Amino acid sequence: FFVSEAFRWTSETGIVGLGDILGDSEWDIFDSETIGVSGNGRIVIGRVRYGGKLGGFPGLYAAARWIDGGEPQMLPRPPNIDADESFFAGAMSANGTFIAGTFENTVPGTINEDIFYAYRWSADAGHTIMHADTATAFAPKDVTDIGTVVGRQYFGTASVNRAAIWTPDRGLRL
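We now turn to the structure provided with this report. (Residues numbered from 1 in each chain as written. Predicted model: local features only at pLDDT ≥ 70, side-chain atom pairs only at ≥ 80, totals over all residues. Heavy atoms only, no water.)

The next point concerns the nonpolar core. Within the largest apolar cluster, 23 residues are counted, with the highest numbers of intra-cluster contacts made by Trp66, Leu75, Phe87, Ile99, Phe103 and Tyr119. Breaking this core down by element, the ones donating at least two residues are strand S5 (43-50), strand S6 (60-67), strand S8 (87-92), strand S9 (99-105) and strand S10 (115-122). Counting 10 residues, the second-largest nonpolar core is a separate cluster that includes Met130, Phe138, Val143 and Trp166. (Core = buried A, V, L, I, M, F, W, Y, C linked by side-chain atoms within 4.5 Å. Buried < 20%, exposed > 50% of the residue type's maximum accessible area, 1.4 Å probe, protein only. Helix = DSSP H or I, 4+ residues; strand = E, 2+ residues; numbered from the N terminus.)

If you trace the backbone, Thr128 turns up in strand S11 (residues 126-130). Between the C-alpha atom of Thr128 and that of Ala100, which follows or precedes it by 28 residues, the distance is 9.3 Å. Ignoring sequence-local partners within four residues, the contact set of Thr128 consists of Ala118, Tyr119, Arg120 and Trp166. (Contact = heavy atoms within 4.5 Å.)

Another aspect to go through is the pattern of salt bridges. Evaluated as defined, the whole model comprises 2 salt bridges. Taking the shortest distance from any N to any O, the salt bridge between Arg47 and Glu33 comes out at 3.1 Å. Of this pair, Arg47 sits in strand S5 while Glu33 sits in strand S4 (residues 30-37); the two residues are 14 residues apart in sequence, bridging distant segments of the chain. Among the residues examined, Glu33 registers a relative accessible area of 34% and is labelled partly exposed. The residue Asp68 makes a salt bridge to Arg42 at a minimum N-O spacing of 2.6 Å. Taken as a pair, Asp68 in the loop between S6 and strand S7 (73-74) and Arg42 in the loop between S4 and S5 lie far apart in primary sequence, 26 residues in all. Asp68 gets classed as partly exposed once you look at its relative accessible area, which sits at 42%. Classification of Arg42 as partly exposed rests on a relative accessible area of 41%. (Salt bridge = Lys/Arg side-chain N within 4 Å of Asp/Glu carboxyl O.)

Moving on, we get to the environment of Thr97. On the secondary structure map, Thr97 appears in the loop between S8 and S9. The partly exposed category is assigned to Thr97, whose relative accessible area is 33%. Remark: the alpha-carbon pair of Thr97 and Thr144, spanning 47 residues in sequence, is separated by 9.3 Å. Apart from the residues within four sequence positions on either side, Thr97 is in contact with Trp121, Ser122 and Ala123.

Residue placement: Ser32 occurs in strand S4. The class of Ser32 is buried, set by a relative accessible area of 1%. A polar contact of 2.7 Å, which involves the side chain of Ser32, links it to the backbone nitrogen of Ala6. (Polar contact = N/O pair within 3.5 Å; in protein donor to acceptor, adjacent residues only side chain to side chain.)

Right, let's talk about the pairing of strand S3 (residues 14-17) for a bit. When strand S2 (residues 7-10) meets S3, the two strands line up antiparallel, connected through 4 bridges. Residue Arg8 lies in a different strand from S3, and its bridge partner there is Val16. Between S2 and S3, which pair antiparallel in sequence order, lie 3 residues. (Pairing = 2+ DSSP bridges.)

It is worth spelling out the packing of aromatic side chains at this point. To describe a pair of aromatic rings, you give the distance between the ring centres and the angle between the ring planes. Overall, the coordinates contain 3 aromatic pairs when judged by the stated rule. Residues Tyr61 and Phe88 carry aromatic rings whose centres are separated by 6.0 Å and whose planes lie at 40 degrees to one another, so their mutual orientation is tilted. In this pair, Tyr61 sits in strand S6 while Phe88 sits in strand S8, placing the two residues 27 residues apart along the sequence. When the ring of Phe103 is compared with that of Tyr117, the centres are 5.7 Å apart and the planes differ by 20 degrees; the resulting orientation is stacked. Of the two residues, Phe103 is situated in strand S9 and Tyr117 in strand S10; the sequence distance between them amounts to 14 residues. Classification of Phe103 by relative accessible area gives buried; the value is 1%. Taking relative accessible area as the criterion, Tyr117 reaches 5% and is therefore assigned buried. Taken together, the ring pairs in this structure connect Phe103, Tyr117 and Tyr119 into an aromatic cluster. (Phe/Tyr/Trp six-rings, centres within 6.5 Å; stacked < 30°, edge-to-face > 60°.)

Have a look at this one:
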């Protein structure tokens, strides 16, 4: 079942589909989407759907990256995320080193259960969780080449938003 496909465009190749994790068998849901691209165009980030079956479970979403138009690579799952929850990429640094995104913590008994968290990921350092207090959530919108993340912080409901910044040394602040 085909929903959508991530693509990459270059002046040399034009539009080229990037595929998804499961391929396009008649029983798998084929679904991927691009969110951003590195400054040199070599790395594309987005999401892929996995585990879905036509007429059954719709599957989950995972943050993914494609390097040089190759096969999609699902990012590692953030810590404190239940196995049946999706996680998303929302921004990438221009140099392609850092990817930031969100996930919902639904693991019972953990700190701030049922709240959306933001993460920053790099191949060298893995995941860094960018905490918000129990009444808020943070949605990354951009990442610098040194790993500073900017975005919006939600207060209570999505109708109250403020600009926020996260840095490794000072954490999340307005």
